[in-house]
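Observations on the three-dimensional arrangement
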Amino acid sequence: MKVLVTGGAGFIGSHLAERLLDDGNKVVVVDNLSTGSLKNIENFQNKSDFDFVEGDIRNSELIDGLVEQSEAVFHLAAAVGVKLIADRPVHTIETNISGTEVVLDAVNKFNKSVFIASSSEIYGKNEAVPFREDDDIVLGNTGIARWSYACSKAIDEFLALAFHQQYGLRVVIGRFFNTVGPRQTGQYGMVVPRFVQWALKGEPVSIYGTGQQMRCFCYVGDVVDAVIGLMDSEQAGGGVYNIGSTEEISIEGLADKIIQMTGRKSKKEFVPYEDAYGMPMEDMMRRVPSLERIKKAIGWEPKTNLTETMEVIIESEKGTM
Ligand code: NAD
């Protein structure tokens, strides 16, 4: 099968593209290299079944041409990362809303199937544990830039579901919870790569807020299994699925674990959100996915636990230092 991966030079997209190639597909990646990099695809960019196109998903002429030649589209390109969202809110909103509109228009025009990468951020300040796909979206006020990302992803979901409902387009929406693994960069605010890099250098590990926020980190290889499983499943079309781990850890607990696993003597320091982001920032205390729906649809659950995941990431970060 010939498939298109938008954002395929990014962290999750590059792992997905690599797996799709290994499974025998022809893969085309389109990416503007804004947060992604050619380094992420260097392992497979010379394979004959792989093509890289540097370009923007908001370029409808380009996307129409690429979608027409593909059988399925995995749409992962987006402005991602709490720091990037805080620093470049206009860019975030425009990329995530206009970009997805262009992709959906193209897949609808040529009647292809599409996977849309959404986010657990859209549950916002809802305090349910765990989050089920039909729970309410509870977002903060428009003065807090963080919610623009959640809102943009919610619009993407609404639009994708509207195309499904109105035109019968085959869409599958995956709400990724915190996803981690090799190739993830800490540059745009992702916690695990930053903690690992600080710890490996023996530098202080900066924890934003109290460190008592609980999170679940899922290994990227498991997330890729879920994405492909959903796209392969007849019955998943038109559905929204949580994709994540249910193994919880506090951010301070994560720092302790990483310091202990790296064997370094880094100290922990606590930084208020406003100092970290230079503006007011709201955070949620717990974020756990209900996996009932995805288990029922395709029998998926994560295979890799947090310790195994951290071992892989620490080894991979050591290789880059
Ligand atoms: P990433 O930044 O590594 O990947 C995004 C990719 O999209 C990058 O390669 C970037 O260069 C590309 N891109 C951005 N704007 C583009 C544009 N206008 N045109 C073409 N390419 C563009 O981030 P990621 O973590 O791999 O995220 C992939 C997807 O998963 C995103 O849609 C993100 O919202 C979603 N997601 C990720 C997480 C996570 O924990 N990593 C959690 C929830 C949702």
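What comes next concerns the included structure. (Residues numbered from 1 in each chain as written. Predicted model: local features only at pLDDT ≥ 70, side-chain atom pairs only at ≥ 80, totals over all residues. Heavy atoms only, no water.)

1. Some details on the pairing of strand 2 (residues 26–31)
The element strand 2 is extensively covered by neighbouring structure, given that five of its six residues are classed as buried. Sheet topology places strand 1 (residues 2–6) next to strand 2; five bridges connect them, and they run parallel. The partner of Leu-4 across the bridge, within strand 2, is Val-28. Taking the sense of rotation as the criterion, the β-α-β connection linking strand 1, helix 1 (residues 11–22) and strand 2 turns out right-handed. (Buried < 20%, exposed > 50% of the residue type's maximum accessible area, 1.4 Å probe, protein only. Helix = DSSP H or I, 4+ residues; strand = E, 2+ residues; numbered from the N terminus. Pairing = 2+ DSSP bridges. Right-handed = clockwise from strand over helix to strand, strands pointing away.)

2. Some thoughts on the packing of aromatic side chains
Taken as a whole and judged by the stated rule, the model has eight aromatic pairs. Summarising the aromatic geometry, the rings of Phe-115 and Phe-176 are spaced 6.0 Å apart at their centres and angled 25° between planes, so their arrangement reads as stacked. In this pair, Phe-115 sits in strand 5 (residues 113–119) while Phe-176 sits in strand 6 (residues 171–176), placing the two residues 61 residues apart along the sequence. Residue Phe-115 shares its accessibility class with Phe-176, and that shared class is buried. Each ring, one from Phe-195 and one from Trp-198, has its centre 6.3 Å from the other, and the planes form 35°; the classification is tilted. Pair noted here: Phe-195 and Trp-198 are both in helix 6 (residues 191–201), with a separation of three residues, about one helical turn. Under the relative-accessibility criterion, Trp-198 is labelled buried at 19%. One cation-aromatic arrangement involves Arg-146 over Trp-147; the distance from NZ or CZ to the ring centre is 5.8 Å. (Phe/Tyr/Trp six-rings, centres within 6.5 Å; stacked < 30°, edge-to-face > 60°. Lys NZ or Arg CZ within 6 Å of the ring centre and 35° of its normal.)

None of this, on its own, says anything about what the molecule does.
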